[in-house]
Amino acid sequence: MDGLARLEYRGYDSAGVAVLGDGALRTEKRAGKLANLRQALEEQPISGDGAGIGHTRWATHGAPNDVNAHPHVDNDNRVAVVHNGIIENFAALRLELEEQGCKFASETDTEVAAHLLRTELARHDGLASAMRAVCRRLEGAFTLVATSVDDPGLVVAARRNSPLVVGRGEGENFLASDVAAFIAHTREAVELGQDQVVELRADSVTVTDYDGDPVDVREYHVDWDASAAEKGGYDYFMLKEIVEQPRAVADTLLGRVSVDGQLTLDEMRLSPEELRSVEKIVIIACGTSYHAGLIAKYAIEHWCRIPCEVEVASEFRYRDPILDQQTLVIAISQSGESMDTLMAVRYAREQRARVLAICNVNGSTIPRESDGVLYTHAGPEVGVAATKTFLTQLAACYLVGLYLAQVRGQKFGDEINAVIAQLATMPDQVERVLDTVEPVRELARSLADADTVLFLGRHVGYPVAMEGALKLKELAYMHAEAFAAGELKHGPIALIEDGLPVVVVVPSPRGRSVLHDKIVSNIQEVRARGARTIVIAEEGDESVRPYADVLIQIPAVPTLLQPIVSTIPTQVFACELALAKGNDVDQPRNLAKSVTVE
Ligand code: F6R
């Protein structure tokens, strides 16, 4: 149950467990959060001395109710299965199984796996062999974990396009979608590859492919411990993760410069020759990671003079993008498991583009399937809304931009070192912002009844505005939208009405002054039409003060790096407003931390 609690961020609309013992399989499942299952188990405990499996669900097929919750069992109650992903050919398989006399209890795609396993068990020697046979029949994405009364000390799991990791303990072994589930027991993990099956007993771990042939696996040590995945005195993980941002950014920047002053990205795996041949960059990502990509474009194009496109991963491969060996695709994903991004990565590699992943989770699928990787070091992020991973993605993107400029000779070493020195001060600047955000909390509480909040930005402030609007939507369930401030007069200004809160992210007046002046005009335009202006501007920027109903000051930093500080008030704003509405900011409705379906 504690392991499931650590995985609850991945899905939390229902949960269940199955345990084996005394020749029987006992299952308990409940709709709603894990607490409901916990209570049911307290009222009516189930026990067994064999293996156990459990699941927290994010519904795809079938409503989130008790019956559709996992585990699912076969008609003889001999096999139990939990599943992540989508079995795309489940309708045909269900029909076939029903014709053979199987009775389905749920509306899920998962249940076909339980019945199929039971059928294959009759034909094969053991659960692992049956699992391989089942996997060969399934289409789509899945991690399946199964147990059977025939062999109560065994758990068998298989994966295709969905995460699965093994934890190796002393006389005990674990399986989960994420190391967080077993980190309290062991930090030694084994990465499972695509289309592999694992047989797990208390004292052995055997990995094969779907044909039963043994395969090599990568073992690794998890460099954070259980306390990193605890709330540490905060009411919500999100509050803790916002506060952890200075450390997260500092850790991501750590150790990147060699003794001779050169930027070195050890895990990069792409050679300087390969990077010198790059003619175009395409960044692919989803949600918050996409916003990091939008910001990266400004920095990369400015520093490296390489054309850079940014695209939502779910759209990318459906528009026949132009890619070749000279294209560098940068896939940004904190989880390393977003199916949309993973599919885009695979597509890009098929087109012979080189792929560099920026990722926070060691051993996850996207970095494993990419040509190179740059890991962010945010530590585990449990709150569903991305906060510290976003800031570390920005830091990583800046490092990639500078590294490209270095290997391609587009900037002198001292110019690069100057930016690295500025980056190195960012953790302190983030700390300063965090020290001064109390008024933002008050402001957020005062706006708990607002219907809509608009966000405006220019240049790198535009993606920051988009990120601010996304946070508000997902946490406070309110309408929020971001516009490039210059676009306002082309339509959206019609939305402005008396008292409408408009958050404006103002670029530094020390950057391109024309940009700054233009946004000051935009602020005046919305204010003249009744908007309540909430202005995020650099300390010392007095020119905005007369037009700001609320002024939020952030430290003066170089223009391109400003998102690292300007994002924080928008995170705090969304979090506090959602809390004022009584929402659970760690587990907002309908969402999951890691979206492993397309
Ligand atoms: C928003 C959020 C999501 C993710 C998106 C991509 O707070 O967390 O929008 O950014 O689902 O996830 P990753 O980065 O894991 O690919």
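Reading the values: the criteria
- Residues numbered from 1 in each chain as written.
- Predicted model: local features only at pLDDT ≥ 70, side-chain atom pairs only at ≥ 80, totals over all residues.
- Heavy atoms only, no water.
- Core = buried A, V, L, I, M, F, W, Y, C linked by side-chain atoms within 4.5 Å.
- Buried < 20%, exposed > 50% of the residue type's maximum accessible area, 1.4 Å probe, protein only.
- Domains from an automatic or database assignment.
- Contact = heavy atoms within 4.5 Å.
- Pairing = 2+ DSSP bridges.
- Helix = DSSP H or I, 4+ residues; strand = E, 2+ residues; numbered from the N terminus.
- Axes fitted to C-alpha atoms, helices over the stretch in contact; angles between N-to-C directions.
- Near = heavy atom within 4 Å.
- Polar contact = N/O pair within 3.5 Å; in protein donor to acceptor, adjacent residues only side chain to side chain.
- Areas by Shrake-Rupley, 256 points an atom, 1.4 Å probe, with all protein chains shown as cover.
- Nonpolar A, V, L, I, M, F, W, Y, C, P; charged D, E, K, R; others polar.
- Salt bridge = Lys/Arg side-chain N within 4 Å of Asp/Glu carboxyl O.
- Buried area = accessible area lost by both parts, 1.4 Å probe.
- Disulfide = S-S within 2.5 Å.
- Arc of directions from axis to C-beta.
- Parallel < 35°, antiparallel > 145°, perpendicular 65-115°, else oblique.
- Left-handed = near helix turned anticlockwise from the far one by under 90°.

Caption draft 1: The nonpolar core, seen in detail. With 93 residues, the main nonpolar core has Ile281, Phe455, Leu472 and Phe573 as its most contacted residues. Each of domain 2 (231-424) and domain 3 (434-580) contributes no fewer than three residues to this core. Setting aside residues no more than four positions away along its own chain, phenylalanine 573 makes contact with Val440, Leu443, Ala444, Leu447, Val453, Phe455 and Leu472.

Caption draft 2: Inspection of the sheet that holds strand S1 (residues 14-21) at higher detail. If you trace the 3 strands from one edge of the open sheet to the other, you get S2-S1-S3, paired in antiparallel fashion. Of all strands in the sheet, those with a lone pairing partner are strand S2 (24-31) and strand S3 (52-57), marking the two edges. In this sheet, adjacent strand axes meet at a mean angle of 10 degrees when their direction is disregarded. Bridging between S1 and S3 involves 6 bridges; their strand directions are antiparallel.

Caption draft 3: Geometry of the sheet that holds strand S11 (residues 196-201). The 6 strands are arranged S4-S5-S6-S7-S11-S12 in an open sheet whose pairing can be described as antiparallel. Only two strands of the sheet have a single partner each, and these edge strands are strand S4 (72-73) and strand S12 (204-209). Both strand S5 (residues 79-87) and strand S6 (residues 140-148) contribute to a ladder of 9 bridges, which runs antiparallel. When the sheet's bridge partners are listed, isoleucine 87 is paired in S6 with glycine 140. Across the sheet, helix H4 (residues 110-123) lies against S4, S5 and S6, angled at about 130 degrees from S5, the strand it touches most.

Caption draft 4: Region of the structure containing the site of the ligand. In the vicinity of the ligand lie 14 residues, with Ser289, Ser333, Ser335, Ser338 and Glu474 positioned nearest. One of the side-chain nitrogen or oxygen atoms of serine 289 is found 2.6 Å away from an oxygen atom of the ligand. A distance of 3.4 Å separates an oxygen atom of the ligand from a polar backbone atom of valine 384. Against a free-state accessible area of 400 Å², the protein chains account for coverage of 90% of the ligand. A breakdown of the residues in the shell around the ligand according to their chemical character gives 5 nonpolar, 7 polar and 2 charged.

Caption draft 5: Inspection of the pattern of salt bridges at higher detail. Applying the stated criterion to the full structure yields 40 salt bridges. Put simply, lysine 297 and glutamate 301 hold a salt bridge, and the shortest N to O gap is 3.3 Å. With lysine 297 and glutamate 301 both in helix H9 (residues 287-304) and 4 residues apart, this pair spans about one turn of that helix. By relative accessible area, which is 28% here, lysine 297 ends up partly exposed. Note that glutamate 576 is salt-bridged to arginine 441, the shortest N-O span being 3.5 Å.

Caption draft 6: The arrangement of the domain arrangement of the chain in detail. Domains assigned within the chain are domain 1 (2-228), domain 2 (231-424) and domain 3 (434-580). Here domain 2 and domain 3 have C-alpha centroids that lie 26 Å from each other. In this complex, domain 2 contributes 26 residues to the contact, which on the side of domain 3 involves 22 residues. Summing the contributions of domain 2 and of domain 3, the shared interface buries around 2,200 Å²; its carbon and sulfur component is 79%. Its largest share of buried area at the contact with domain 3, domain 2 owes to Ile242, His291 and Tyr298, together 24% of the area lost on that side. Our enumeration of links across domain 2 and domain 3 arrives at 0 salt bridges. Counting across the domain 2 and domain 3 interface gives 7 residue pairs in polar contact (both at pLDDT 80 or more). Those elements that provide at least two residues to the side of domain 2 that touches domain 3 are helix H6 (237-243), helix H7 (245-253), H9, helix H13 (388-407) and helix H14 (413-424). No other element matches the 10 residues that H9 contributes to the side of domain 2 that touches domain 3.

Caption draft 7: Highlighting the environment of proline 45. Tracing the sequence through the fold places proline 45 in the loop between helix H2 (34-43) and S3. The class for proline 45 is exposed, based on a relative accessible area of 63%. Remark: the alpha-carbon pair of proline 45 and glutamate 28, spanning 17 residues in sequence, is separated by 9.1 Å.

Caption draft 8: Structural detail: the pairing of strand S10 (residues 188-191). Across 3 bridges, strand S8 (residues 165-168) lies against S10 in antiparallel orientation. Residue pairing across strands places valine 165 opposite glutamate 191, the latter belonging to S10.

Caption draft 9: Geometry of the state of the cysteines. With the rule as written, the count across this model stands at 0 disulfides. As a non-bridged cysteine, cysteine 135 has cysteine 102 as the owner of its nearest cysteine sulfur, 18 Å distant. Exposure remark for cysteine 135: the relative accessible area of 0% places this residue in the buried category. For the unlinked cysteine cysteine 304, the closest cysteine sulfur is that of cysteine 308, found at 8.9 Å.

Caption draft 10: Examining H2 more closely. For H2, the complete set of buried residues consists of Leu34, Leu37, Ala40 and Leu41. With its buried residues spanning 120 degrees around the axis, H2 presents them on a single face. Facing away from the buried side of H2 by more than 90 degrees, the exposed set consists of Glu42 and Glu43.

Caption draft 11: Summary view of the packing of H13 against helix H19 (residues 563-580). Running from amino to carboxyl end, H13 crosses H19 at an angle of 165 degrees, the nearest separation of the two axes being 10 Å. In terms of orientation, H13 and H19 fall into the roughly antiparallel class. In this structure, H13 meets H19 at a crossing whose hand is right-handed. Between H13, through Phe390, Leu391, Leu394 and Tyr398, and H19, the contact on the second element is made entirely by Pro563, Ile564, Thr567, Ile568 and Gln571. In terms of residue class, the contact of H13 with H19 is built from 7 nonpolar, 2 polar and no charged.

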